Amino acid sequence: MNSKFVLILCLLAIIVTGGYAQSDRLFTADKELSNNLINQVYQDQRGIIWIATEDGLNSYDGSKFTIYKHNSQEENSLLNSYVHTLFEDSRGLFYIGLFNGLQTYDYATDTFSKIPLFLDNGEIFDAHVTAILERNNGDVLIGTSGHGVFQVEFDGPSLKAVRLPYPDLILVNALYEDRKGDLWIATDNKQLSCLGRDGNWKHYFENDRVVYNISGFCEDREGNLYIGSTSKGLFVYQQDTDSVVAVPYFRDPELPIKSLYVNREGKFISGQTGME
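Here's a quick rundown of the structure. (Residues numbered from 1 in each chain as written. Predicted model: local features only at pLDDT ≥ 70, side-chain atom pairs only at ≥ 80, totals over all residues. Heavy atoms only, no water.)

1. Focus on the sheet that holds strand 14 (residues 149–153)
- Here we have 5 strands laid out as an open sheet, ordered 11-15-14-13-12, and mixed in their pairing. The open sheet has two free edges, formed respectively by strand 11 (117–118) and strand 12 (129–134), since each of these has just one partner strand.
- Looking at chain direction, strand 14 and strand 15 (residues 160–163) are connected through 4 bridges and run antiparallel. Pairing of glutamate 153 across the sheet is with lysine 160, part of strand 15. (Pairing = 2+ DSSP bridges. Helix = DSSP H or I, 4+ residues; strand = E, 2+ residues; numbered from the N terminus.)

Structure, rendered in structure tokens:
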């Protein structure tokens with residue numbers, strides 16, 4: 001079986017600009033979407049729904065879809081039609097993480113601009129962007145598959161991102177900052193790492209032969225940090241023992257978890273991957 005999951009997006013009660021909810025609708029590649037292989041669904045501050053797929057970026061304003069793909073004839077098109085992740089920071093900048101780089105979207109001109117990723121030697125490398133995070137202090141971090149973590153620099157006439165000297169954190173899957181200000185980084189090689197506010201690193205599952213494939217993080221109202229794994233289910237970080245332990249689920253202890261979320265009512269929601 002192929003472990004790659006296929007999602008057919010169902011947007012329920014979308015809140016669009018103006019605050020009105022819509023009735024249930026099903027969107028597929030046969031109709032509006034560019035592709036059914038969906039990496040992320042994101043709603044920006046304007047209420048627009050953005051859908052990152054493996055063949056195009058889709059936007060939905062409540063009435064119609066717009067599809068963006070790479071066009072070699074257009075200077076300000078997407079760098080690549082494989083869109084991995086989306087994020088909007090507190091400045092209102094909307095980021096697109098692609099298979100071969102990082103861009104921002106300009107609402108006024110309906111165009112995309114590249115943010116170069118600089119390696120330690122000053123070389124620009126078009127890395128595969130897998131995660132984007134804004135820290136509480138306003139720093140925007142970019143996780144990549146193969147070249148670690150970058151930080152966006154806002155000084156100067158144009159944006160750029162420079163690689164941070166994080167030790168051996170190369171294949172980044174997810175980034176998260178908890179309410180205490182600790183930075184959590186999930187990677188393929190170190191599995192799960194935490195950079196504390198004191199500047200010290202801690203690594204979890206580092207010497208474990210099991211591959212956990214950490215996919216995401218979230219905190220509940222009490223500050224408990226939950227960690228999802230696509231191969232080993234759900235975990236929680238225990239502060240008193242400084243350890244990460246499995247959360248039992250009797251139906252399937254290794255339930256593959258793709259995403260985690262706590263809603264406004266404080267209810268914990270997880271998204272699972274399917275098999276084809």
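Now that the structure has been shown, the text picks up again.
2. Structural notes on unusual backbone geometry
- If you check the backbone angles, glutamine 191 has positive phi at about 70° while not being a glycine.
- Relative to the elements of secondary structure, glutamine 191 occurs in strand 18 (residues 191–195).
- Located in the positive-phi region is asparagine 213, a residue other than glycine, with phi close to 50°.
- Assessed through its relative accessible area of 32%, asparagine 213 is described here as partly exposed. (Buried < 20%, exposed > 50% of the residue type's maximum accessible area, 1.4 Å probe, protein only.)

3. Overview of the packing of aromatic side chains
- As enumerated under the stated definition, the model contains 21 aromatic pairs in all.
- Centroid distance tryptophan 50 to tyrosine 107: 6.5 Å. Interplanar angle 80°. Geometry classified as edge-to-face. Taken together, the residues tryptophan 50 in strand 4 (residues 49–53) and tyrosine 107 in the loop between strand 9 (101–106) and strand 10 (111–115) connect sequence positions 57 residues apart.
- With relative accessibility at 1%, the residue tryptophan 50 sits in the buried group. (Phe/Tyr/Trp six-rings, centres within 6.5 Å; stacked < 30°, edge-to-face > 60°.)

4. Describing the pairing of strand 21 (residues 225–229)
- Counting buried positions over the 5 residues of strand 21 gives 5, a clear majority of the element.
- Side chains Leu225, Ile227 and Ser229 of strand 21 all project onto a buried face; the interleaved residues Tyr226 and Gly228 project onto the opposite face, where all are buried too.
- For strand 20 (residues 214–219) and strand 21, the ladder comprises 5 bridges, and the chain directions are antiparallel. The residue of strand 21 that forms the bridge with glycine 216 is glycine 228.
- If you look at the hairpin formed by strand 20 and strand 21, you'll find 5 residues sitting between the two strands, and glycine 223 has a positive phi there, around 90°.
- In terms of strand pairing, strand 21 meets strand 22 (residues 233–238) through 5 bridges, oriented antiparallel.

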